[in-house]
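Observations on the three-dimensional arrangement
One-letter residues, chain by chain:
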Amino acid sequence: MALTINPTKFANRIAAAVDGRGKAENCIRFEFLCSHIATGDYFAPDTSLAQRLLKRTTVEIYGIFKQIYEDFHLRLAVGQYLNTERTLAIKQPLSYGGTKPYSRLIEENLGRSMSFDDLRDRFKRNTLLCHRNVFYGLRLVNFECDTVRKLMMFALDHDGLITLDEFEKQNQVQTSKAMKYLQNNWIERTTMHLHRMLSRIGPGSFDVAVAKWNIYSVSKVHRLVEQVKYRMQDTLRDLLFESTAAYIHHLVNDCRSILSLDESFSWDTNLIDSPFEPQRSPVFRLTMEMGPKCAFYSTDPDQFLLLLPDIMDVAIEGSHFVHTIEPSLMQSLIFVDNLYLSSVGLIDPVMVEQRNRLVSYYRKSAVPLQAYATRYNAYMDLFFTNVQEFTEQTKATDKTSSELKEDIEFQIRMRQNLERTVPLSITIGPFWVSVEPLREALIRKRHELADALLTLLAEKLRLKTADMIAQYVGIIERMCEKPVSIEHIHGIREFMEHVPELLSRMEDRMKGLLYEYEILDGFQFNLPDVDFQQKWNALGYPRSVLRQMSSVKDFHETEVEKFRKQQFADEAAFSASVENMNVHIAKFTTLYDVGKVSEMAVEVRRLWKALQELIEQGHVMNCRQELFELPPIGLHNLFELRDNFRAYRDLWTVAADYLKLEETWIGNPLASVELDSVRRGLQHAHDHLKVLLPLYRDQPQILAVVEHFIHTVEAFRPNLDVMELLKCSLLEPIHFSQLAKEADIKVKLSVDMGFDVFLEHDIRSHLKTIRAIVQRAEELKLQTEQQEAEEARVRQQQQAYKAARDERRQKRTEI
């Protein structure tokens with residue numbers, strides 16, 4: 001089939017291609033011209049538009065919009081210029097961005113034959129503002145939106161400083177109040193205004209009573225509700241942006257020195273001047289307190305990092321639950337329950353930036369706060385010092401008054417130092433720290449310690465003054481003692497001779513006490529009335545002592561005469577007592593009955609004691625005679641009587657003591673009798689009685705008594721040998737049985753029996769038998785020891801043989 005060519009189509013195609021080429025070249029020239037025109041910011045959006053867009057979008061999106069906006073208006077301006085300038089070959093392209101230029105559209109529309117009524121009808125069909133009620137309704141919507149923009153989501157107007165808890169409570173109330181208005185009042189009022197205005201229009205494009213979705217979706221009321229929704233969303237975003245910006249501006253003040261800190265910061269300057277003083281007033285109030293481990297604040301600084309961003313996030317989250325007006329306006333239609341206005345998200349870049357700025361600032365602010373609190377740890381020991389324990393420890397050290405004065409001055413200096421170095425308050429960034437309670441507590445503690453030391457010094461001086469008064473009282477009591485003898489009077493007189501010297505020393509001590517009292521006066525310490533009276537009593541006692549001395553001397557003169565008369569009567573009574581003693585002893589020495597040894601010993605001891613008391617009384621009488629300046633009383637006859645009676649006393653006392661010992665040796669069990677004690681007792685009695693033999697050779701009766709007791713002692717000596725054999729440790733019950741059998745004794749013998757039982761059976765006549773039995777016991781013991789030694793030797797040999805055998809077996813096993 002032959003290809004047919006239509007010349008007309010071909011020419012049209014060529015013409016279209018040439019025309020297209022011209023249009024393309026013209027577009028290239030137009031683009032080249034627009035790209036090389038420098039306009040600066042001439043075609044940029046105005047300030048109000050830029051601010052509105054920046055509130056709703058990010059900086060990056062605004063930059064893209066600005067570029068498109070400038071490019072669009074630049075092309076419009078270049079097109080208008082090219083249409084008027086005829087010298088250039090470049091013309092504005094007919095299409096731009098898929099649509100014709102606005103100026104070209106107007107030219108084309110005006111070029112057609114269209115009446116004004118047609119244009120008005122077309123405008124009404126395309127625009128929403130075709131009815132005055134819609135216009136007034138939108139004005140009311142804008143009014144309500146402007147009212148919402150003036151709301152505050154946070155409570156930022158405070159009367160002075162505020163704590164974190166109060167700040168949280170106030171913001172909870174304010175946020176709740178704002179959310180209540182947004183979720184209720186705003187929606188209700190906006191719905192009410194639109195419903196009232198649109199209801200006046202009636203059926204049509206703005207019919208609020210429409211009940212079908214297909215009609216509602218193409219009606220103007222749907223477009224109107226969408227526009228209102230967008231306006232409300234813009235208002236809600238503007239409210240959040242402005243509120244959060246004000247919130248951050250309120251909390252983050254202009255203390256830039258905080259932002260340059262690091263975690264290792266330490267507060268090296270004084271406690272009064274703050275290097276972190278902001279230009280604006282601080283927001284939060286903190287109180288410095290002291291704990292058992294360290295100083296701390298009434299509110300932990302870390303809580304600000306958690307709570308302040310949380311308050312902002314709660315407000316943002318609450319704005320996500322503001323309903324649209326569509327369900328409440330179009331009540332004839334059914335909507336879902338979760339139709340909410342689009343708000344600002346928690347991860348919105350602006351909100352993230354604001355939150356990070358807030359957290360970073362308060363994290364940095366916590367660093368100087370903690371460093372400042374650390375400086376107060378040095379006062380922790382002072383804060384927890386127990387005044388009573390401090391007083392007890394100081395009292396235990398027993399410091400002098402001068403040392404206590406230094407301690408008091410130290411406490412006063414430290415209190416004054418606290419007043420100078422510790423401030424009432426200090427501002428650190430957004431925090432106003434009240435140090436006054438801790439400062440007052442530390443100053444009060446120093447004051448209490450100083451008062452305690454002053455009280456301790458006053459108590460110490462009270463005790464010293466009381467001791468001085470006690471000594472003065474002791475002097476007066478010693479002088480005023482009622483004398484009972486002339487010796488007593490002379491003792492008091494000797495004491496009174498040293499009283500002036502003693503008073504002089506005590507007055508010197510009192511001067512030292514007065515100096516110590518001046519220490520209290522220097523600290524303006526008010527002495528109690530009792531201490532003050534005690535002090536002046538101590539000063540007046542020396543005069544009272546001297547006055548009392550004069551009265552005592554007069555009293556002693558009368559007492560000396562009374563005692564002198566008593567001395568004469570005592571001298572006569574003493575002489576009579578000496579005569580009675582001579583007669584009684586002379587009569588007693590004629591008694592020689594050895595059967596009454598115990599009675600004689602008791603009487604002898606009584607007479608000896610009476611004689612000694614008479615001699616001591618004689619010495620006392622002679623001392624008094626010397627004090628009365630009288631001749632001494634003779635005591636030589638008493639000394640002779642004592643010397644003559646001593647031998648007679650020794651005879652009966654030694655005899656009585658020996659007989660008692662002999663009864664214990666014989667009557668007690670033989671096992672409990674100590675042979676050494678028996679031997680010593682026999683030797684002691686024998687020696688003392690032997691000494692008395694030469695003294696009584698001229699008195700046969702007494703000599704016979706001495707010889708009788710010597711014979712009694714000698715007669716007991718053989719019993720000692722028998723007792724020694726019977727107490728032999730080798731004797732066992734079987735040996736005593738053999739002794740009883742060989743001695744023909746019918747009683748069971750043992751070492752636990754008394755020696756009197758052995759004497760009743762004439763044990764002394766069986767002395768050889770006892771020795772033989774003891775010898776057999778010794779031989780038996782020797783044999784037993786030899787047998788045990790032999791058995792031990794044999795056992796040792798067997799063990800050695802067994803060990804050698806085991807060793808040989810071990811060697812064979814190894815081979």
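Keep in mind that this is a model prediction, so the values were computed, not measured.

Further remarks concern the sheet that holds strand β3 (residues 425-428). Sheet architecture is open: four strands sit in the order β2-β1-β4-β3, paired in mixed fashion. Two strands bound the open sheet, and with one partner strand each, they are β2 (295-297) and β3. Taken over all neighbouring pairs, the strand axes of this sheet differ in orientation by 25° on average, direction set aside. As paired elements, strand β1 (residues 284-290) and β2 share three bridges and run antiparallel to each other. Looking across to β2, one finds that Met288 is bridged to Tyr297.

Under the criterion given, the structure shown has 22 aromatic pairs. With 5.1 Å between their ring centres and 70° between their planes, Trp213 and Phe335 make a pair best called edge-to-face. Separated by 122 residues along the polypeptide, Trp213 in helix α8 (residues 213-218) and Phe335 in the loop between α11 (326-329) and α12 (349-375) bring together distant segments of the chain. Residue classification places Trp213 among the partly exposed positions, given a relative accessible area of 43%.

This next bit is on the pairing of strand β4 (residues 431-434). Judged from the four bridges that link them, β1 and β4 form a sheet pairing that is parallel. Across the sheet, Phe284 pairs through a bridge with Phe431, a residue of β4. Pairing between β3 and β4: four bridges, direction antiparallel. Counterpart to Ile428 in the pairing with β4 is Phe431. As consecutive antiparallel partners, β3 and β4 are separated by two residues, and within that stretch Gly429 has a phi angle of approximately 65°, a positive value.

Another aspect to go through is the side chain of Ser274. Among the secondary structure elements, Ser274 is positioned in the loop between α9 (220-251) and β1. Engagement of the side chain of Ser274 in a polar contact is seen with the backbone nitrogen of Phe276, the distance being 3.2 Å. A polar contact of 2.6 Å, which involves the side chain of Ser274, links it to the backbone oxygen of Thr427. Beyond its immediate stretch of four places on either side in the chain, Ser274 contacts Trp267, Ile426, Thr427 and Ile428.

Our focus in this paragraph is the pattern of salt bridges. Per the stated rule, a full pass over the model turns up 16 salt bridges. Taking the shortest distance from any N to any O, the salt bridge between Lys23 and Asp19 comes out at 3.4 Å. Taken together, the residues Lys23 and Asp19, both in helix α1 (residues 7-35) and four residues apart, mark about one turn of the helix. On the accessibility criterion, Asp19 (42% relative accessible area) is partly exposed. The partner of Glu790 in a salt bridge is Arg793, and the shortest N-O contact between them spans 2.2 Å. One end of the pair, Glu790, and the other, Arg793, are both in helix α26 (residues 767-814), three residues apart, so they sit about a helical turn from each other. Glu790 gets classed as partly exposed once you look at its relative accessible area, which sits at 38%. Taken together, the salt bridges that share partners define one network made up of Arg21, Glu25 and Arg29.

Reading the values: rules and limits
- Residues take numbers from 1 onward in each chain, read along the sequence in its written order.
- Since the coordinates come from a predicted model, pLDDT governs what is reported: local features require at least 70, and pairs of side-chain atoms require 80 or more to be given and counted, while whole-chain, interface and lining totals use all residues.
- Only hydrogens and water are removed before side-chain values are computed, so all heavy atoms of the structure are retained for them.
- Should DSSP find at least two bridges between two strands, the strands are taken to pair.
- In this description a helix means any DSSP run of H or I spanning at least four residues, a strand means any run of E spanning at least two, and both kinds are numbered starting from the N terminus.
- Here an axis means a line fitted to C-alpha atoms, over the contact stretch when the element is a helix, while the angle between two N-to-C directions is reported on a 0 to 180 degree scale.
- Stacked, tilted and edge-to-face pairs are distinguished by plane angle, under 30 degrees for stacked and over 60 for edge-to-face with tilted covering the rest, among Phe, Tyr and Trp rings (Trp via its six-membered ring) whose centres lie within 6.5 Å.
- Only protein chains enter the calculation, and the probe is 1.4 Å; a residue is then buried if its accessible area is under 20% of its type maximum, exposed if over 50%, and partly exposed in between.
- Side-chain atoms alone can form a polar contact between residues adjacent in sequence; in general such a contact is a pair of N or O atoms within 3.5 Å, and within protein one must be able to donate a hydrogen while the other accepts it.
- The contact definition used throughout considers only heavy atoms, calling two residues in contact when any of these lie within 4.5 Å.
- The salt bridge criterion pairs a side-chain nitrogen of Lys or Arg with a carboxyl oxygen of Asp or Glu, the two atoms within 4 Å.

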